[in-house]
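# Understanding the architecture of this molecule
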Amino acid sequence: MSEWLARAADSDVWWSFKSSKLTVVAAVATLLIVGIAFLSPLLAPHTPFDPATLNLSDGLKPPVFVGSDGDWAFPLGTDDQGRDILSSIMYGTRLSLVVGFASVVVAMVLGIALGLISGYVGGAVDAVIMRIADVQLTFPAILVALLIDGIVRGLISVQRHDEIAIYVIVGAIGLSFWVQYARTVRGSVLVEKNKEYVQAARVIGLSPALIMVRHVLPNVTGPVLVIATLNLGLAIISEATLSFLGVGLPSTQPSLGTLIRLGNEVLQSGDWWITVFPGATLAALVLAVNLLGDWLRDALNPKLR
């Protein structure tokens, strides 16, 4: 373990990371937001989505730094139901991160599998997969996610949809992002499959599936990690957009997008804090993740070393 840590500390990637102050700040911000979000059951001052803990008389309290009506029990104010905005943001950020991470995993698994098959097998299989990818690229990712969510809503009842909403939204976002992984992996496989180590694996009789997983896949993971990091921010934005439009997660399981939508409904009445603070949290999280993705893309590019 110590030897592995020593090699990591002496690597070009670590040197690139510590020499970029912006990247270090982005990493710290990301870890802070993620840590607070996943520890929200322990850190949050209130449980905002338990009806038994809500008091309507606490509704629409402003932040403590705005006027004299603020209450230190609700430092960022409350919404019209008396829910603490700070606690709502902590719980909502956790749900947004869960959806984002799960969506990226779904897109990675599907895209990598199809990219490996397309690049290694070639022929008609390659043509079919790539033409499907080309067709999907003609539609924006958010439109594909809306289409998938709309199909599911037409097949099942509203109550059942609300029960499995998180799985539907994860699948919808994941299916809208797989093309980037598939095309990237396919291009890398076309290069790798003609190299000597792959030909040697064929000679000793290994199956194509084993060659793709054991030998080819580890050599194409670099670009995939970069895409996954960048897509995490896009997945969080997509979930927030769908929830803001009212076709994402239900109000009983609010993410940052749902909180922004609920706050937007009362924004013109002067209760700006209900939507501004979740929006600022979303912007900070996505910005930090995108900065890390940009750094990782440059750090793993040998041409820039």
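Structure: see above.
Residues numbered from 1 in each chain as written. Predicted model: local features only at pLDDT ≥ 70, side-chain atom pairs only at ≥ 80, totals over all residues. Heavy atoms only, no water.

### Points about empty space enclosed by the protein
Considering all chains together, one arrives at one cavity of 30 Å³ or more under this definition. The computed volume of the largest cavity comes to approximately 60 Å³. Lining the largest cavity we find Asp 79, Arg 83, Ile 85, Ser 88, Leu 259, Leu 262, Ile 274 and Pro 278. Broken down by secondary-structure element, the contributors of at least two residues to the lining of the largest cavity are α5 (85–121), α13 (256–264) and α14 (273–299). (1 Å grid on protein atoms, 1.4 Å probe; cavity = no way out; pocket = protein on both sides within 12 Å on 5 of 7 lines; lining within 4 Å. Points joined across faces, edges and corners; volume = space filled by probe spheres on them. Helix = DSSP H or I, 4+ residues; strand = E, 2+ residues; numbered from the N terminus.)

### Structural notes on the pattern of salt bridges
In this structure the tally under the stated criterion is eight salt bridges. A salt bridge links Asp 79 to Arg 83, with the shortest nitrogen-to-oxygen separation between them at 2.8 Å. Relative accessible area serves as the criterion here: at 7%, Asp 79 is assigned to the buried category. Arg 83 gets classed as buried once you look at its relative accessible area, which sits at 14%. Arg 183 is the salt-bridge partner of Asp 134, the closest N and O atoms lying 2.8 Å from each other. Taken together, the residues span a long stretch of sequence, with Asp 134 in helix α6 (residues 123–137) and Arg 183 in helix α9 (residues 165–192) at a distance of 49 residues. A residue is classified by how much of its surface remains accessible, and Asp 134, at 26% relative accessible area, is partly exposed. (Salt bridge = Lys/Arg side-chain N within 4 Å of Asp/Glu carboxyl O. Buried < 20%, exposed > 50% of the residue type's maximum accessible area, 1.4 Å probe, protein only.)

### Structural notes on the side chain of Ser 87
Within the secondary structure, Ser 87 is located in helix α5. Under the relative-accessibility criterion, Ser 87 is labelled buried at 0%. Among all residues touching Ser 87, those that are not within four sequence positions of it are Ala 44, Pro 45, His 46 and Pro 48. (Contact = heavy atoms within 4.5 Å.)

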